[in-house]
Every structure is written in structure tokens, then in C-alpha cells.
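Given next are the chains, with one letter for each unit.
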Amino acid sequence: MQFGIFTVGDVTTDPTTGRTPGEAERIKAMVTIALKAEEVGLDVFATGEHHNPPFVPSSPTTMLGYIAARTERLILSTATTLITTNDPVKIAEDYAMLQHLADGRVDLMMGRGNTGPVYPWFGQDIRQGIPLAIENYHLLHRLWREDVVDWEGRFRTPLQGFTSTPRPLDGIPPFVWHGSIRSPEIAEQAAYYGDGFFANNIFWPKEHFQRLIDLYRRRYEHYGHGSADQAIVGLGGQVFMRRNSQDAVKEFRPYFDNAPVYGHGPSLEEFTRETPLTVGSPQQVIDRTLEFREHFGDYQRQLFLMDHAGLPLKTVLEQLDILGEEVVPVLRKEFAARRPAHVPEAPTHASLLAAAAKAEAGQARQAGQARGAAQAEDAGSAR
Amino acid sequence: MSTRRIAVVSAGLSVPSATRLLADRLTAATVDALRERDVQGRAEVVELRDHAHDITNNLLTGFPAAALRRVTDAVAGADAVIAVTPIFSASYSGLFKSFFDVLDQDALTGRPVLIAATGGTARHSLALEHALRPLFAHLRAVVVPTAVYAASEDWGTGGDADRGLADRIARAAGELADLLADRTPTVRKDPYEDPTPFKDLLPGA
């Protein structure tokens, strides 16, 4: 199982001090947080992509390329890549390039983006969000798998004899997760391709996500990629920890109360009851995260949101220390002990490369056997 | 005898409220009218006051808390809706509007709806026609022709020769019962149980 963090990249005033970081400070903080993630033993860092203030990460591969150069093991990912408003050709090229620079430590999470005005800024229309996500991804999927593509669709200039460059590292396209909060179409899409499905469950009650994930699992099996419990599921989480849970609540409450997404709405207590938000001791976070498996089945990737709502960098780094030292080692052990042998790990470049090599060897063996059989038959008929 | 479920949404703020009183009379009249048509009406009353905080929270967070979700599910799953609001500042109350704002956009599509309102003066009775009826038209509901407005003075004229309010209640309830009795009970397609298959999402794939 993979553990990591995902960041929205918001520039938010710290409600306890009234201080707002500058863009440069926030961007550098995101990098520091990513490096810390590797240092404390996490597996994944995923950045959001936004094209409107108060968010800074508009250029994910620039940031991830820089982080790739300064890390050794960390998988670099997105949360999410805008499959609706980005040109799929540019996504194909940017992330293949990143794959080469990062020696394959790259995957992506596709998302639609829910800010209406962003679509026309990129020549699109939010009302076409689902059809854009479907068509653009279909093209992206081909661009990474076919050396020369002829293509014509509704939303983009046609392509004749186009080769996306560079080709994916070792001929292995980056693994793709499809992120969704509510769209059954996206669960269906992920299932159709046998891609991963990331349910960003952090802001909503579990009952909703049980239905969405169940749909993905059922359809994954329907499309012949494996049994429903072998489908590749990722989940979000949102935590704030101190040794003493009352200290965690006290320290986090002003950030919660003023947070851009849910501030000035439900109380911290209501929100922790209704959503995965956990504010308390490391043990409480361990217990709550293990419950996800009971709600959603065995899953492959757990990403935590740690650096939002104006939390200062120092606090975020302390949180990552606790996550890496006290929470994730226990979760790794507990999840591994509970996972049946037939449930796969999340695909990585190495595992996909090994699977491709095995498939090729299998084909070669079959071809060899067929040749051998044909020769034997020839010999037999010659007699 | 077949059964139809009626969700009664009352946006009255005081307890008891004139709005709830009107809602109850409309509900009773509708159940009576259905019985005359050999249909059993089962009403579930939703007092929006009880969910005011959750409705605001839903606007802010984008999801209904568990208690509110039971209510939105009940309204979305009902065969008909009786919606009653006090008239504030020449229109429905903000709470009333907020509730319909957090319902799924297609929750009331094709659903028979009876609209009604209360107010201190009859001068605002047309708010039903210029505010509530367009709201439910937007939600693609089927609104019965008679909308019922009860001003303070209407509560005193029930026994007079001019049985204004009582007649309007009976007429509106009869119209709703006619619509309901003619329809088969609501079955909503569940997109999570029954998703659009990929070949229909991307023709030619």
C-alpha cells in the first residue's frame, strides 16, 4: 500500500496570526513539504493544478521535475491534472518528459476542475466537462500507446501522423488514476480502462463514496480487468495530530473554523463525524484510517491533505514527522496483515515494466511453442 | 388501494406557525381527495426550521449532513410535494429557497407540486405566481393550477358564506389528487446502480 500527501497549493492567511505567505514562499514551501515527505518515508507527493488565485500550482511538471531532481524514491503525482482544459497532447508530452527525468517515478490523477470561468479561459465550456474528460483522455491514452496517431474529435484540432514526444519511458505509459467526488461517469471511465480510481472523500460522508467506489469495482470486473476486489482504489484523508488529542483540537480549531472550503459552516465536531477529517492523537488517526478499509474494501493508495487552510510550514513539517514516524509504519503493517494475497499493490513503473516483460516473454514462448508444434507437424507429415 | 407518498415542506419559523397550519390543512385535504379516488396518501412533513443549520452548512460544504440527507432523500423520493412558505419581503423566505437550492437539480423533475404561502396581508398573494411558480417551473415540476395563499384575515372567514380559504384548499387538493392518482408511483433511476456504459459515453470506442 502506498502512503503520501496531496496538496491544493492554496495561499491562505494564517487565521491565528493574520499573516499571508507570498507566492514564492508558498511555492518553496510546497517543495520543502515534498522533500520532507520522502525524508519521513512516505511514498507519494501529489500536487494540484489550478489557474486561479489564491492557488499557486499552475505548472505541475515544472514543480515535479524540480522535486524529482532532489528526491530518490518519492512517486510524483497530481491531484488533479485537468483533463478538460489542458490539451491532451501537451499532457502526453509533459508527463512523458517528466517520466524520463524522474526515472519512472511518475503517475497522474485526472480531474475535471469545478471552477466555471477557468474553462473559457482555456477555450472550453464547463457544461461539456464530462464529454471533455472522456474524449481528451481517450486521445491521451492513445498518444502514449501508439507511435503514430491519426485522430479527429469534437474538442480539438485533428491530428494526422502525429507522434507525441518523447515516447513514454521504456514504452510504459504513466499509471493513471481518475479522481472524482460524485460522477458515476468517471468511475465508469476508470473501470473501462482498468485505470485507478481515486475517490477524494475528504469533504463528504462515506455513504456516498461507498456507492461510487462500489460502482467502480463492479464495472472494473465487468470490463475484465480482474475481480472487483482487485480494482485499484485510492482515498483521501485529512488529519491534524498532537500527542494529546485535546491539544490537536485546540490548535487546529481556528484553522478549521476559517478554512476556505468548509469554514464558517459546520462545527469541527460535526465535520469530523460526517467526513474523514480526524483531529486528535496519532492513534486516533491510525484507527480512523484502518476503518476506511472496512468501508471501502482493500485499497492501494492513501493520500493525506496536510498543508492547507493557512497552517504554517513549521506546523506542517511537524505533522509530517508524526505521520511518517508514528502513523504510517503502523498502518503499513496493519494494512498488509489484513490484505488478501490476490489483492494487488498500486502499479508503479517498475511493476508495469515487469508485467510487460512477462507478457512479452509469454507471447514469445507461445509463439515458440506454436513454431515447434508446426515443425513437429511438418516432420510428421513428411514421414 | 395503491399508495402515494407526499412530502410536505413547511418553512414556517415559529412553533406553531400559520405556515405549518396551512400545510397541515392542505395535507389533510389531499389525503381526503386521494381516498375518494381509491388511493392512500402517506404524508411526511418536513419542518425546515429543524434543519436550518444543516441547510446552511450544505450550502457551504456542498454535502448534506446525515439528518438533512434523510430529508432531501424523502422529498426527492416522494410522489408529490406540498411546499408552503411564509412570504418575506415580497417573496418566499430565504430558508425555503435555500432548501430547494440544496436539493438535487433533477429531484423534482416531472413531480406534481402544490404551492402555498402565508402572509400578514393578502396584498402579497401574487408572490405565489411571480416567485414560487417560476421556481418550480425551473425545477421542472408540474405545479397544480390553484396556488393557496392564506393571509391573517383568511383564518377567520372559514365559517362564513364566503368559504374562501377552505374552498381554495379543497380545489388545490383535488387538483393535486387528480395528478397523483393518474400517475404510477415514482421510480428514480439510480446512476450509481445503473451507470451509463462507456460505449455510450464515447461513441465508437
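No experiment lies behind these values; they were computed from the predicted model shown.

Cut-offs applied
- Residues numbered from 1 in each chain as written.
- Chains lettered and ligands numbered in written order.
- Predicted model: local features only at pLDDT ≥ 70, side-chain atom pairs only at ≥ 80, totals over all residues.
- Heavy atoms only, no water.
- Helix = DSSP H or I, 4+ residues; strand = E, 2+ residues; numbered from the N terminus.
- Rg over C-alpha atoms; globule rule 2.2 N^0.38 Å.
- Buried < 20%, exposed > 50% of the residue type's maximum accessible area, 1.4 Å probe, protein only.
- Contact = heavy atoms within 4.5 Å.
- Expected span 1.5 Å × (residues − 1).
- Domains from an automatic or database assignment.
- Salt bridge = Lys/Arg side-chain N within 4 Å of Asp/Glu carboxyl O.
- Polar contact = N/O pair within 3.5 Å; in protein donor to acceptor, adjacent residues only side chain to side chain.
- Nonpolar A, V, L, I, M, F, W, Y, C, P; charged D, E, K, R; others polar.

**Description of the overall build of chain A**
And step 1. Broken down by element type, chain A carries 12 helices and 12 strands.
And step 2. Taking 383 residues into account, the globule formula puts the C-alpha radius of gyration at 21 Å, and chain A, at 22 Å, falls close to it.
And step 3. Seen through its principal axes, chain A has C-alpha atoms that stretch 90 × 50 × 40 Å.
And step 4. Burial statistics for chain A: of 383 residues in total, 54% are counted as buried.
And step 5. Summarising the internal contacts of chain A: among those between residues at least 6 apart in sequence, 72% fall at separations of at least 24.

**Side note on helix α3 (residues 66-77) of chain B**
All names here are of chain B.
And step 1. Given a rise of 1.5 Å per residue, 12 residues ought to cover 16 Å, and the 16 Å separating the end C-alpha atoms of α3 matches this to within 8%.
And step 2. Of the positions making up α3, those classed as buried are L68, V71, T72, V75, A76 and G77.
And step 3. Contacts from the buried residues of α3 go to β1 (2-10), β2 (39-47), α2 (52-61), β3 (80-88) and α4 (94-102).

**Observations regarding the domain arrangement of chain A**
Residues and elements named next belong to chain A.
And step 1. What the domain assignment lists for chain A is domain 1 (2-345) and domain 2 (348-383).
And step 2. One C-alpha centre belongs to domain 1, the other to domain 2, and the line joining them spans 40 Å.
And step 3. Residue-level contacts link nine residues of domain 1 with five residues of domain 2.
And step 4. The tally of links from domain 1 across to domain 2 stands at zero salt bridges.
And step 5. Counting the contacts that link domain 1 with domain 2 gives one residue pair in polar contact (both at pLDDT 80 or more).
And step 6. Residues that form the side of domain 1 that touches domain 2 fall into these classes: five nonpolar, three polar and one charged.

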